[in-house]
Amino acid sequence: MAFEPFMQLLRSVQKRRIGVGGSVQNSQQMAYLRHLQKEINKENAMLVPLQELNVVVFDIETTGFIPEKDSILSIGAIKMKGSRIIEEEQFYSLIYFDQTIPKDIVELTGITDDLVRSAPNIGDVMIKFFEFTQDATLVAHHASHERNFMQYFSNKVFKTPLKHRIVDTSFLYRIIESNFQNISLESLCAHNKIPIIDRHNALADAKMTAKIWSIYINKAIEIGCETLEDVYTHFAKLKY
């Protein structure tokens, strides 16, 4: 896929928009954007050998749990190839928020009003995030939260749905630990003797999730999974 034209288009869309969810003036550009998004081939990732699969493990911190009324405060991510964590390939950004962050969120994340007042807006951060991820498969722990927010703001800011595949870590760890359901990141890290550092910092959480992914990729290969398609097939056979 031609990602540089895609990113140039996203930048022009961002410059033309009015406010966070404002209208875009050039409908032809938006049609082109949608066309390029459709070219992200999710099916190819299903057949790539697990040790060759490029993924971006990411995490977000938000003001709440409902995209329609809450906002993303930060995005953190790290790249992997197979089970190898690429430490030098990291992404982190705070995101501008012009309201008062709820006290419990400040206490949980350490993100204050002062920190986000000078941060870039959601559109600019999403563009940089897409530049970082390219067409890699995305991975998140309990991914419905990340998926819901990223889909909502992709539609709101760029008027196009998010086309990246987002894989929940549960598809991987549950084919190994079938008794684990909705296990927290802390508990999964403790089970695998992964140090818990800076919990609820988006980049720190992404790094811990990457270590989880690395461990269970190797374990999945040991039980005969060669691709994501094999992982999904094993997962479908689990008894709830």
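Residues numbered from 1 in each chain as written. Predicted model: local features only at pLDDT ≥ 70, side-chain atom pairs only at ≥ 80, totals over all residues. Heavy atoms only, no water.

### As for the overall build of the protein
1) Next: On a plain count of helices and strands, the protein comes out with 11 helices and five strands.
2) Next: Within the span of the protein, comprising 240 residues, buried residues form 51% of the whole.
3) Next: Considering only contacts within the protein whose residues lie at least 6 apart along the sequence, 70% involve residues at least 24 apart.
4) Next: When the accessible surface of the protein is totalled, it reaches about 11500 Å², and 49% of it is carbon and sulfur. (Helix = DSSP H or I, 4+ residues; strand = E, 2+ residues; numbered from the N terminus. Buried < 20%, exposed > 50% of the residue type's maximum accessible area, 1.4 Å probe, protein only. Contact = heavy atoms within 4.5 Å. Areas by Shrake-Rupley, 256 points an atom, 1.4 Å probe, with all protein chains shown as cover.)

### Observations concerning the environment of W213
1) Next: Summarising the element assignment, W213 is placed in helix α10 (residues 202-222).
2) Next: Since its relative accessible area comes to 2%, W213 is described here as buried.
3) Next: Remark: the alpha-carbon pair of W213 and G82, spanning 131 residues in sequence, is separated by 9.0 Å.
4) Next: Once you skip the residues sitting within four places of it in the chain, W213 turns out to touch V55, M80, G82, V139, V167, T169, L172 and L228.

### Quick notes on helix α6 (residues 122-133)
1) Next: Here α6 is 12 residues long and its end C-alpha atoms lie 16 Å apart, about the 16 Å a rise of 1.5 Å per residue gives.
2) Next: Of all 12 residues in α6, nine are buried, a share of seventy percent or more.
3) Next: The set of residues buried in α6 consists of I122, G123, V125, M126, I127, F129, F130, F132 and T133.
4) Next: One side-chain oxygen at the N-terminal end of α6 lies 3.1 Å from the backbone nitrogen of G123; it belongs to N121.
5) Next: With its phi angle positive at about 55 degrees, Q134 sits one or two positions after the end of α6. (Expected span 1.5 Å × (residues − 1). Polar contact = N/O pair within 3.5 Å; in protein donor to acceptor, adjacent residues only side chain to side chain.)

### Topic: the pairing of strand β1 (residues 54-62)
Working note: regular strand, side chains alternate between the two faces of the sheet.
1) Next: Most of β1 sits inside the fold, with eight of its nine residues counted as buried.
2) Next: Pairing analysis gives nine bridges linking β1 to strand β2 (residues 72-81), with the strands arranged antiparallel. In the sheet register, I60 faces β2, and the bridge partner there is I75.
3) Next: Pairing between β1 and strand β4 (residues 137-140): three bridges, direction parallel. Within the sheet, the bridge partner assigned to V55 lies in β4 and is T137. (Pairing = 2+ DSSP bridges.)

### Regarding the packing of aromatic side chains
1) Next: Going through the model one piece at a time under the given rule, you end up with 10 aromatic pairs.
2) Next: Residues F129 and F130 carry aromatic rings whose centres are separated by 6.4 Å and whose planes lie at 45 degrees to one another, so their mutual orientation is tilted. Neither F129 nor F130 differs from the other in exposure class; each is buried.
3) Next: An aromatic cluster of at least three residues, connected via ring pairs, comprises F58, F91, F129, F130, F132 and F158.
4) Next: Above the face of the F132 ring, K79 is positioned so that its terminal group lies 4.8 Å from the ring centre. (Phe/Tyr/Trp six-rings, centres within 6.5 Å; stacked < 30°, edge-to-face > 60°. Lys NZ or Arg CZ within 6 Å of the ring centre and 35° of its normal.)

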